[in-house]
Amino acid sequence: MKTLSIDIETYSSNDLKKCGMYKYCEADDFEILLFAYSADCAEVQVVDLAGGEKIPADVLSALEDDDVIKYAYNAMFERVCLSRYLDYPTGEYLEPYSWRCTMVWAATLGLPLSLESAGAVLGLEQQKMSEGKSLIRYFCIPCKPTKANGNRTRNLPIHAPDKWEIFKAYNKRDVEAEMAIQNKLSRFPVSENVWDEYHLDQEINDRGITLDMTLVKNAIAFDEMTKAELNKTMKDITELENPNSVLQMKEWLSENGLKTDSLDKKAVSELLKTAPPKLAKVLELRQQLAKSSVKKYQAMQNAACSDNRARGMFQFYGANRSGRFSGRLIQLQNLPQNHLPDLEQARELVRIGDYENMSMLYDNIPDVLSQLIRTAFIPYKGGKFIVSDFSAIEARVIAWIAGEKWRLDVFKNGGDIYCASASQMFKVPVEKHGINSELRQKGKISELALGYGGSVGALKSMGALEMGLAEDELKPLVDAWRTANPHIVRLWWDIDSAVKKVVKEKAAVELYGLKIFYKSGIMFIKLPSGRCLAYVKPKIGENIFGGESVTYEGVGSTKKWERIESYGPKFVENIVQGIARDILCYSMQTLRTCSIVAHVHDELIIECRKDMSLKAVCEQMGRTPLWAKGLQLSADGYECEFYRKE
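Residues numbered from 1 in each chain as written. Predicted model: local features only at pLDDT ≥ 70, side-chain atom pairs only at ≥ 80, totals over all residues. Heavy atoms only, no water.

*Asks:* Looking at this structure, how should I read the overall build of the chain?
*Replies:* Counting its secondary structure elements, the chain contains 25 helices and 20 strands. Relative to its length of 646 residues, the chain is compact, with a C-alpha radius of gyration of 27 Å against a globular reference of 26 Å. For the C-alpha atoms alone, the extent of the chain along its principal axes is close to 75 × 70 × 60 Å. Looking at the chain as a whole, 53% of its 646 residues are labelled buried. Long-range contacts, defined as pairs at least 24 residues apart, comprise 65% of the intrachain contacts of the chain with a sequence gap of at least 6. Only carbon and sulfur atoms are counted for the fraction: they give 49% of the accessible area of the chain, which is about 29600 Å². Charged side chains in the chain number 84 positive and 88 negative. The centres of these two groups are separated by 3 Å. (Helix = DSSP H or I, 4+ residues; strand = E, 2+ residues; numbered from the N terminus. Rg over C-alpha atoms; globule rule 2.2 N^0.38 Å. Buried < 20%, exposed > 50% of the residue type's maximum accessible area, 1.4 Å probe, protein only. Contact = heavy atoms within 4.5 Å. Areas by Shrake-Rupley, 256 points an atom, 1.4 Å probe, with all protein chains shown as cover. Lys, Arg positive; Asp, Glu negative; His and termini not counted. Charge placed at Lys NZ, Arg CZ, Asp CG, Glu CD.)

*Asks:* So what exactly am I meant to see when it comes to the sheet that holds strand β11 (residues 383-390) here?
*Replies:* Two strands in a sheet stick together by hydrogen bonds in their backbones, pointing the same way (parallel) or opposite ways (antiparallel). Reading across from one edge, β18-β19-β11-β20 is the order of the four strands in this open sheet, with antiparallel pairing throughout. The outermost strands of the open sheet, each flanked by one partner alone, are β18 (595-600) and β20 (635-640). When the angles between neighbouring strand axes are averaged without regard to direction, this sheet yields 25°. Relative to β20, β11 is paired through six bridges, and the arrangement is antiparallel. In the sheet register, Ile386 faces β20, and the bridge partner there is Glu639. (Pairing = 2+ DSSP bridges. Axes fitted to C-alpha atoms, helices over the stretch in contact; angles between N-to-C directions.)

*Asks:* Sorry if this is basic, but what is going on with the pattern of salt bridges here?
*Replies:* Under the counting rule described, the total for this entry stands at 35 salt bridges. Arg154 is the salt-bridge partner of Glu31, the closest N and O atoms lying 2.6 Å from each other. Taken together, the residues Glu31 in strand β2 (residues 31-39) and Arg154 in the loop between α6 (132-139) and α7 (161-185) connect sequence positions 123 residues apart. The exposure class of Glu31 is partly exposed, given its relative accessible area of 27%. Salt-bridge contacts for Arg440 lead to Asp416; the nearest nitrogen and oxygen are separated by 3.0 Å. A residue pair is termed long-range when its members are at least 10 positions apart, and Arg440 in helix α20 (residues 440-450) and Asp416 in the loop between α18 (405-412) and α19 (417-426) qualify at 24 residues. The partly exposed category is assigned to Asp416, whose relative accessible area is 27%. In the salt-bridge network here, residues are joined through shared partners; they are Glu197, Arg531, Arg581 and Asp582. (Salt bridge = Lys/Arg side-chain N within 4 Å of Asp/Glu carboxyl O.)

*Asks:* Can you help me understand the sheet that holds strand β1 (residues 3-11) in this one?
*Replies:* The sheet built from five strands is open, its strands ordered β3-β2-β1-β4-β5 with mixed pairing. Either end of the sheet is taken by a strand with one partner, and the two such strands are β3 (45-48) and β5 (99-101). Sheet twist, expressed as the mean angle between neighbouring strand axes with direction ignored, is 30°. Examined bridge by bridge, β2 and β3 share four bridges and lie antiparallel to one another. For Tyr37, the partnering residue across the bridge sits in β3 and is Gln45. Sheet strands in contact with helix α3 (residues 75-85) are β1, β2, β4 (69-72) and β5, and its direction is about 70° off that of β1.

*Asks:* Got a minute to help me understand the packing of aromatic side chains in this structure?
*Replies:* All chains considered together, the criterion is met by 23 aromatic pairs. Judged by centre distance (6.0 Å) and plane angle (45°), the rings of Tyr24 and Phe77 are tilted. Here the residue Tyr24 occupies a position in helix α1 (residues 16-24), and Phe77 occupies one in helix α3, the gap between them amounting to 53 residues. Like Tyr24, the residue Phe77 is buried in the burial classification. Consider the rings of Tyr535 and Phe571, whose centres lie 5.1 Å apart with planes at 75°: the pair is edge-to-face. Taken together, the residues span a long stretch of sequence, with Tyr535 in strand β15 (residues 532-542) and Phe571 in helix α24 (residues 568-590) at a distance of 36 residues. (Phe/Tyr/Trp six-rings, centres within 6.5 Å; stacked < 30°, edge-to-face > 60°.)

*Asks:* Any chance you could explain the side chain of Gln315 here in plain terms?
*Replies:* Here Gln315 is to be found in strand β8 (residues 314-319). Classification of Gln315 by relative accessible area gives buried; the value is 12%. Apart from residues lying up to four places away in sequence, Gln315 is in contact with Met103, Arg324, Phe325, Ser326 and Arg328.

*Asks:* Any chance you could explain the pairing of β18 here in plain terms?
*Replies:* Consecutive side chains of a regular strand alternate in pointing toward one face of the sheet and then the other. Within β18, five of the six residues are buried, which leaves it mostly tucked inside the rest of the structure. Relative to strand β19 (residues 603-609), β18 runs antiparallel, the two sharing five bridges. Looking across to β19, one finds that Ile596 is bridged to Ile606. Hairpin connection from β18 to β19: two residues lie between these consecutive antiparallel strands, with His601 at a positive phi of about 60°.

As structure tokens, then:
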């Protein structure tokens, strides 16, 4: 046996969406119901495990044989569930190195992540069966006890034999659909380097990261107590039956002389600028109640395995435009920052459950709990975290590709890019805590907002007006930044022209160390690493200004498969973020022997012994890959006994 294509159907009383697949498999009642497989592309077989059938010995052996390549759609689910079926202890799983994920394969070509959607886009003859969702609801999750079903909490095959036969056919069809996708994608094989990155991702997901469950449980309790107090105070002031009701609150504010169409975060902040004291107090209480910190703690509680480690938090190739990772479950990518000067003290008060002193010392407990979310991630007892991240990685990459020399010199000499940008824009020296330091903020917001063709709207989205910039300052700021960065501006429009040429003429264009080409209905942009970005069914369309634009099919902002319009600066953003992603993966591979437990954007979190060198980790992370000659990288970091942002 050389290859094995697999799909399984399972039962667990744990909610897969809430707890993730690792915790899902830990339920006492977890079981694999059906096991469909094809060995070496032969006809698909279905093993009815719920009906007492056994997986053949040679197939069981193949699961643990690294010489047999296993294929599955979202292969992590099959691999983790089968590890439990094979009685692997918590924290130990089938090695990922002989597994290939067809979902990842589809994602590398810009296709949807769901099997059903990918099959539809590819026009498969053997589509996923539409009955699947209702059958999964019937057999794979607990059911509500009723008189009609004899008060049972689970549906078994004996309760609906006809449905069960359809379910077996559905299980078989999934393998057939997966194999058909593999066949369709065979002309675009995934490189061994990308598979190696995927296997490293699986190692990190399997390893997980420890949660301080004492902190988590007490934070949830504190949140409940605080919200009860805040609600009581709001009721006492407003005399409303439900002060959390937007309609009731808007009416109350209007009756008290403050009219508003909205009570969202931005609207409340604006209202607070002019609200009289009584109304301001209510609005501030509303802001505190709106803090959603408890949702993160609840996600931690849901995801924690029996050893208190959260696993399965990263989706490889989750962002299929750039190939970056995306978050799952607790979503480390959008954690609140922490600015409390006495972070350790606040954390300890929550850990010991001292709500009384917490209330005395802090006016806004929801905000404190929000700032403590990061600190719930802890290393093993006696260990530490090393947190290391790249400095201004996207700014460095875009300067390197475009050949913007003054920026490259800033990075080479260890300068501050925000000061240097402001200096270049306004033609005066700017120092962070010295001469013309007030201009640094303008340099910073310009750097963050304008690198990918952004204009006045981008500055506003970044909070330019809230930072004190005047409306009439914004357009000159855009013009100054573009004048200071002529090579980057030229990069945008050179890429725009190249992409249009490739789509129109189906020709290949090489520029800026990139290769843009067309093959079998897909436009590819080959990055310096050798990895390609993919754009499905590109064609020339018309933009809102009446000019030419390139459109392609992909998952858009609505999360649906649709035609997406793009242009030079947007393609440059994909390219830069794709290269930054490749650099992060390169660093993760060079630090593979260290225990990477998480990564957030361009940051790595390593769990290690107290004597591991922070300097050595940062030096290793800051090494430039051979394919990025001339790119100046820098990594900095810190050590901590719980995760935090420095």
